[in-house]
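Summary of structural features
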Amino acid sequence: EPVQVQSLVGRVAWSGDRILIDVETVSLLGGAANGSAMVELVEGSVPNLTLDAVVESLNVAELRWLGPRLPDASASGRVGVDFGSEGLRGSWSNGSLTIDSGEIESEGTFRRFPNGEAAVQDVTLDVSAIPVTVLQEFVSMRLPLEGRVSGNVGLAGTMDSLRVTGRLDLLEPGAGPT
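Residues numbered from 1 in each chain as written. Predicted model: local features only at pLDDT ≥ 70, side-chain atom pairs only at ≥ 80, totals over all residues. Heavy atoms only, no water.

**Comments concerning the pattern of salt bridges**
In this structure the tally under the stated criterion is 5 salt bridges. One salt bridge in this structure joins Arg-78 and Asp-52, with 3.0 Å as the shortest N-O distance. Placement of the pair is Arg-78 in strand S5 (residues 74–84) and Asp-52 in strand S4 (residues 48–59), with a sequence separation of 26 residues. On the basis of relative accessibility, which here comes to 30%, the residue Asp-52 falls in the partly exposed class. A salt bridge links Arg-167 to Asp-169; its shortest N-O distance comes to 3.1 Å. (Salt bridge = Lys/Arg side-chain N within 4 Å of Asp/Glu carboxyl O. Helix = DSSP H or I, 4+ residues; strand = E, 2+ residues; numbered from the N terminus. Buried < 20%, exposed > 50% of the residue type's maximum accessible area, 1.4 Å probe, protein only.)

Here you go:
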């Protein structure tokens, strides 16, 4: 299902093989964004796309057509995308994902190369009071735990050889801070 834009204020300029888009504000996915994009049309090849945007309060669940496991969450942050014959590179900073009264602050880079290989680089996740039930959606084994998780996680490498570092603390239901 496509992303629906409710309103857009900005400018589009097309000159030769280049399209420039400057967006003052756009309402989509239950939130708002602003930024700029450039599309360069390359004869006989994939177009080059560059995007730099700041997003606020986007409803992640509206993107479930990308992946059914996406959580009910609100996302904000700065996003950069480069796409072309070299593949896809997406980066984000000052990312904030609010899930069920918890929050994940994040930054990092995702790559998808033309051969289909995917990798992450310098990904940091600062996790605060995320319910274990949310994590269960992304872990292939049953987690015999209840409560909320806080801590930090670092990710780097390809999906076949992912390096994970970090520390997570579990606050069980009914337990108070120490």
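**As for the nonpolar core**
Core analysis: the biggest nonpolar cluster contains 8 residues, these being Val-60, Ala-73, Ala-75, Ile-99, Ile-104, Val-127, Ile-130 and Val-134. Leaving out residues up to four positions away in the same chain, Ile-99 has contacts with Pro-71, Asp-72, Ala-73, Ile-104, Ile-130, Pro-131 and Val-134. In terms of nonpolar packing, the next biggest core, distinct from the first, is built from 7 residues, Val-23, Val-26, Leu-29 and Ala-33 among them. (Core = buried A, V, L, I, M, F, W, Y, C linked by side-chain atoms within 4.5 Å. Contact = heavy atoms within 4.5 Å.)

**Looking at the pairing of strand S6 (residues 87–99)**
Bridging between S5 and S6 involves 10 bridges; their strand directions are antiparallel. In the sheet register, Gly-80 faces S6, and the bridge partner there is Ser-91. Hairpin connection, S5 to S6: the antiparallel pair is bridged by 2 residues. Both S6 and strand S7 (residues 102–112) contribute to a ladder of 10 bridges, which runs antiparallel. Note that in S7 the partner of Ile-99 across the bridge is Gly-102. (Pairing = 2+ DSSP bridges.)

**Section: the side chain of Ser-96**
By the secondary structure assignment, Ser-96 is in strand S6. On the basis of relative accessibility, which here comes to 18%, the residue Ser-96 falls in the buried class. Among the polar contacts listed, one links the side chain of Ser-96 to the side chain of Glu-103, at a separation of 2.5 Å. (Polar contact = N/O pair within 3.5 Å; in protein donor to acceptor, adjacent residues only side chain to side chain.)

**Section: the environment of Val-60**
Counting through the fold element by element, Val-60 comes out in the loop between S4 and S5. A relative accessible area of 12% means that Val-60 is categorised as buried. Measuring from C-alpha to C-alpha, the distance between Val-60 and Ile-21 comes to 24 Å, with 39 residues separating the pair along the chain. Not counting residues within four places of it along the chain, the set of residues in contact with Val-60 comprises Leu-70, Pro-71, Ala-73, Ala-75 and Leu-97.

**Describing the environment of Arg-69**
Relative to the helices and strands, Arg-69 resides in the loop between S4 and S5. C-alpha of Arg-69 to C-alpha of Glu-137: the two residues are 68 residues apart in sequence and 6.5 Å apart in space. Those residues in contact with Arg-69 that lie beyond four places of it in its chain are Glu-137 and Phe-138.

**A word on the sheet that holds strand S10 (residues 161–171)**
Hydrogen bonds between backbone atoms are what pair the strands of a sheet, whose relative direction is either parallel or antiparallel. One open sheet holds the 10 strands; their spatial order is S1-S2-S3-S4-S5-S6-S7-S8-S9-S10, and the pairing between them is antiparallel. Every other strand in the sheet has two partners, leaving strand S1 (5–15) and S10 as the edge strands with one partner each. Each strand of the sheet is rotated relative to its neighbour by a mean of 5°, with strand direction disregarded. (Axes fitted to C-alpha atoms, helices over the stretch in contact; angles between N-to-C directions.)

**Some points on a negative patch on the surface**
On the surface, a cluster of negative charge is made up of Glu-105, Glu-107, Asp-122 and Asp-126. Contributing elements (two or more residues each) for the negative patch: S7 and strand S8 (118–131). When you line up the elements, Glu-107 lands in strand S7. (Patch = residues over 30% accessible without salt bridge, like charges linked within 9 Å, V, L, I, M, F, W, Y side chains within 5 Å. Areas by Shrake-Rupley, 256 points an atom, 1.4 Å probe, with all protein chains shown as cover. Lys, Arg positive; Asp, Glu negative; His and termini not counted. Charge placed at Lys NZ, Arg CZ, Asp CG, Glu CD.)

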